[in-house]
Amino acid sequence: MERISLAPVPHVPVFRTSAHRPDESDQIRRRASTGELTRIGRGLYVGTAEWTPLRPHERHRVRVGAVAERIRSHQVVSHVSAAVVLAVPLLADPPDRVHLTTPGTDRRTTNATFIVHADLDPRGERTTVNTPDGLRTSGPVRVAADLALTLPLPGAVVALDDLVRRGVDRAAVRRSVERRGPKGRRRALRAIELADPLSDSPGESFARVRFDQFGTERPVLQHRFQESGQPDIVVDFWFPAAGVVVEFDGAVKYRDAGMRGGRSPEDVVIDEKRREDRLRAMPGVRRVVRLTWADLMDENRLRALLRRAGIAMTR
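The sections below set out a description of the structure shown in this document. Sequence order as written defines residue numbering, which begins from 1 separately in each chain. Restriction of local features to residues with pLDDT of at least 70 applies here, the model being predicted, together with a cutoff of 80 or more for giving and counting side-chain atom pairs; totals for whole chains, interfaces and linings are based on all residues. Side-chain metrics rest on all non-hydrogen atoms present in the structure, leaving aside hydrogens and water.

1. Considering the sheet that holds strand β10 (residues 220-225)
In short, DSSP must find at least two bridges between two strands for them to pair. Only DSSP runs of H or I with at least four residues qualify as helices, and only runs of E with at least two residues qualify as strands; both kinds are numbered from the N terminus onward. The mixed open sheet is built from four strands, whose spatial order is β10-β11-β12-β13. Looking at strand neighbours, the two that pair on one side only are β10 and β13 (287-291), the edges of this open sheet. On average, each strand axis in the sheet is inclined to that of its neighbour by 45 degrees, with strand direction left out of account. Of the pairings in the sheet, the one linking strand β12 (residues 244-248) to β13 comprises five bridges and is parallel in character. Each residue of the ladder has a partner; that of valine 245, found in β13, is valine 288. Between two residues, a contact is recorded if the distance between any of their heavy atoms is within 4.5 Å. Here an axis means a line fitted to C-alpha atoms, over the contact stretch when the element is a helix, while the angle between two N-to-C directions is reported on a 0 to 180 degree scale. Packing against the sheet, helix α9 (residues 202-214) makes contact with β10, β11 (233-239), β12 and β13, and its axis sits at approximately 20 degrees to β11. The strands that helix α14 (residues 299-309) touches are β12 and β13; relative to β13, the one it contacts most, it runs at about 170 degrees.

2. Details of helix α8 (residues 185-194)
Exposure categories follow from relative accessible area, calculated using a 1.4 Å probe and restricted to protein chains: below 20% of the type maximum is buried, above 50% is exposed, and the middle band is partly exposed. Along α8, the residues that are buried comprise Ala188, Ala191, Ile192 and Leu194. Looking straight down α8, one finds its buried side chains confined to an arc of 165 degrees; they lie on one side. Buried-residue contacts for α8 involve α5 (140-150), α6 (153-165), α7 (170-178) and α9. Directions from the helix axis toward the C-beta atoms define the arc.

3. What about α7?
Within α7 the residues assigned to the buried category are Ala172, Val173, Ser176 and Val177. Projected down its long axis, α7 carries its buried residues within an arc of 140 degrees, all on one side. Elements that come into contact with the buried residues of α7 comprise α5 and α8. As used in this structure description, the phrase polar contact means that two N or O atoms lie within 3.5 Å; if the pair is within protein, one of them must be able to donate a hydrogen and the other to accept it, and residues adjacent in sequence are counted only when both atoms belong to side chains. Between a side-chain oxygen at the N-terminus of α7 and the backbone nitrogen of alanine 171 the separation is 3.0 Å; the capping residue is aspartate 169.

4. What to know about unusual backbone geometry
For alanine 87, which is not a glycine, the phi torsion comes out positive at approximately 60 degrees. Accessibility expressed as a relative area gives 34% for alanine 87, which makes it partly exposed. Of note in this structure, glutamine 222 is not a glycine but carries a positive phi near 55 degrees. Considering the arrangement of structural elements, one finds glutamine 222 in strand β10.

5. Some points on the packing of aromatic side chains
For Phe, Tyr and Trp, rings pair up if their centres lie within 6.5 Å, where Trp contributes its six-membered ring, and each pair is then called stacked (planes under 30 degrees apart), edge-to-face (over 60) or tilted (otherwise). Overall, the coordinates contain five aromatic pairs when judged by the stated rule. Ring centres of phenylalanine 225 and tryptophan 238 lie 5.1 Å apart, and the angle between their planes is 80 degrees; on these two criteria the pair is classed as edge-to-face. One end of the pair, phenylalanine 225, is in strand β10; the other, tryptophan 238, is in strand β11, with 13 residues separating them in the sequence. Each ring, one from phenylalanine 248 and one from tryptophan 293, has its centre 5.3 Å from the other, and the planes form 85 degrees; the classification is edge-to-face. Of this pair, phenylalanine 248 sits in strand β12 while tryptophan 293 is found in helix α13 (residues 293-297), placing the two residues 45 residues apart along the sequence. A relative accessible area of 10% places phenylalanine 248 in the buried class.

Okay, structure coming up:
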């Protein structure tokens with residue numbers, strides 16, 4: 001049974017122009033011309049002060065809610081837009097337009113507001129998710145299949161790791177992909193194969209795609225090192241043949257006060273150093289490698305880091 005999660009809806013009032021309210025609409029446009037309001041779609045404006053601090057996925061969630069009344073009753077929010085509503089992590093920023101799926105059509109259509117997909121799996125699961133603010137999205141299995149077929153491999157694995165961890169049936173996603181046409185199928189099936197509920201963050205998911213791309217040994221995820229009288233240490237990746245621990249070092253652990261547990265960023269750095277010293281002393285551990293987003297985005301740099309650590313690559 002899938003665990004349904006919904007992303008919080010940012011509290012950002014939306015102002016709408018209308019031919020039926022010309023005076024009010026002119027006032028909205030004047031406020032936009034001064035920068036007080038920001039246009040987010042045809043006839044749709046929000047306060048610039050509320051909009052500017054939002055992250056890309058939060059902005060997309062506002063857009064989806066703002067156009068809800070323009071979505072026809074037979075259409076569902078789908079693909080990356082459904083992922084945003086269902087709090088599925090995405091590697092790339094979502095687009096300005098909202099993705100929908102329409103049954104009974106055989107091609108994709110677009111306009112300034114929507115990207116409308118044909119339903120390429122009409123025999124598949126019809127489960128939908130209804131949100132408190134009146135949206136209807138594709139269900140988790142359909143979202144997983146749509147993302148696997150349309151996103152690049154790293155982004156697909158980031159999303160699928162999260163959905164599989166929530167209980168989405170991998171076999172059901174595979175069947176949905178196989179019922180559709182050949183476009184993107186090979187990549188999608190590879191993403192489904194790579195998906196792992198033990199992956200703990202988008203950075204770890206992306207790293208696993210890189211390891212697969214390079215042909216390293218398949219690392220053990222969330223491996224637990226134990227030492228008598230000391231707390232266990234759980235690491236992101238353990239390469240036993242090479243004797244190498246690889247940790248993804250996302251900046252959030254230093255910047256997010258909620259993740260620091262009352263510690264200062266400096267205290268976190270000191271604790272991480274002590275933890276790494278303990279790891280290096282564990283039997284069988286030769287090296288500890290820390291990766292950042294910058295390392296993952298630069299293929300040559302990442303290869304060099306792994307090579308220096310002694311991790312063999314076949315591709």
